[in-house]
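Notes for the structure review
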Amino acid sequence: MVPIALETELGGCDIHLYGHEHTAENLEEEMPAIRELLEDSDLLVFEPLGFQRDTPEMGDTPGWSSTGDGYVGGVMDVAGETLDTAYGLDSKNIEFGYAAGLIAPALATGSLAVKKSVEALRDSNTAEIDRRDFLLGSGGVASYGLFGGFDSLLPEQLSFLGRELDVPEAPSQSDAREVYIAEGMDSLARNKEYGSILGIFGREHVQNIEEYLEQPESRAERFSFYSDLIPEDSKKYTRFENANGDWHLSEVGNVADI
């Protein structure tokens, strides 16, 4: 999968976005490009460094090798050669509480759809569906959408509540993560402390993050929308400081307060 490199500017700060597949194999191949970007940046914003349930205690050194594929450790080792600070703006804890109760109907919908499709193909008459099946199916479709399923079916854009924006519109986990990343990067770019920021994310995220950065009104609307839906843990960021090549967790706070 070919990586994506994008560039934008906010408040006099140059922002570089690098998106690729998070595997050790790809990292080895792309390390020269990543190293060059890191050397030209004042700050790293990195997808897996958000506030997670296994986040180390304040001041402890995170176990980068525990990621299994060596990807996180590889990037952070190189970043430690030139950078002093890294932010995790993606908490990875986002859970849509109002959708949690629809998981079972969502699973039931899959088997129901297959069953009814087979019946329809087998029988020339229209397959009937009773009230219970209808409720299960409706609940499953709702759950599918809330968990981001429609994003993959219609990747370009979805209309939500009749609004037309030039950014992804399905209220999903993926979209919420991108909104919070963009909100945090915008705040960091405008605080005048950094002249250039590098964000390294999954390839499928970078274009949406760029759009949210360049469309502050759209981002603010979505940020407000998600702030009422997601748990407090999912609104957190982490800040890591480099001390002689070792990264230590120095701060945890709310993305809205950066």
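Scroll up to find the structure.
This write-up is about the structure you can find in this document. Note that this is a predicted model, so its numbers are computed, not measured.

1. A short note on the packing of aromatic side chains
- Applying the stated rule across the entire model yields three aromatic pairs.
- Taking 5.7 Å as the distance between ring centres and 40 degrees as the angle between the ring planes, the aromatic pair formed by Tyr87 and Tyr237 counts as tilted. Of this pair, Tyr87 sits in strand S4 (residues 85–88) while Tyr237 sits in strand S6 (residues 236–243), and the two are 150 residues apart along the sequence. Both residues of the pair, Tyr87 and Tyr237, belong to the buried class.

2. Let's talk about the environment of Tyr194
- Tracing the chain through its elements places Tyr194 in the loop between helix H7 (173–190) and strand S5 (196–202).
- We classify Tyr194 as buried; its relative accessible area is 7%.
- Separated by 152 residues in the primary sequence, Tyr194 and Asp42 have C-alpha atoms spaced 5.9 Å apart.
- Residues in contact with Tyr194, not counting those within four places in the same chain, are Cys13, Asp42, Leu43, Thr85, Tyr87, Leu188 and Arg239.

3. Focus on the pattern of salt bridges
- Taken as a whole and judged by the stated rule, the model has 11 salt bridges.
- Between Arg35 and Glu81 there is a salt bridge whose closest N-O contact spans 2.8 Å. Of this pair, Arg35 sits in helix H1 (residues 24–39) while Glu81 sits in the loop between helix H2 (71–79) and S4; the two residues are 46 residues apart in sequence, bridging distant segments of the chain.
- Since its relative accessible area comes to 30%, Arg35 is described here as partly exposed.
- Notably, a salt bridge pairs Lys92 with Glu47, separated by 3.2 Å at the nearest N-O pair. In this pair, Lys92 is assigned in the loop between S4 and helix H3 (97–100) and Glu47 in the loop between strand S3 (43–46) and H2, connecting sequence segments 45 residues apart.
- Overall, the relative accessible area of 32% leaves Lys92 in the partly exposed class.

4. Comments concerning the nonpolar core
- Among the nonpolar cores identified, the biggest contains 30 residues, and Leu17, Val45, Met185 and Ile197 are the most heavily contacted of them.
- Mapped onto this core, the elements with two or more residues apiece are strand S1 (4–10), strand S2 (13–20), S3, H7, S5, helix H8 (206–214) and helix H9 (216–227).
- Not counting chain neighbours up to four residues away, the residues in contact with Met185 comprise Ile15, Leu17, Val45, Leu89, Ile197, Gly199, Phe201, Ile209 and Leu213.
- By size, the runner-up hydrophobic cluster in this structure holds 22 residues, among which are Tyr18, Val75, Met76 and Trp247.

Reading the values: rules and limits
- Residues numbered from 1 in each chain as written.
- Predicted model: local features only at pLDDT ≥ 70, side-chain atom pairs only at ≥ 80, totals over all residues.
- Heavy atoms only, no water.
- Phe/Tyr/Trp six-rings, centres within 6.5 Å; stacked < 30°, edge-to-face > 60°.
- Helix = DSSP H or I, 4+ residues; strand = E, 2+ residues; numbered from the N terminus.
- Buried < 20%, exposed > 50% of the residue type's maximum accessible area, 1.4 Å probe, protein only.
- Contact = heavy atoms within 4.5 Å.
- Salt bridge = Lys/Arg side-chain N within 4 Å of Asp/Glu carboxyl O.
- Core = buried A, V, L, I, M, F, W, Y, C linked by side-chain atoms within 4.5 Å.

None of the figures reported here should be taken as evidence of function without further support.
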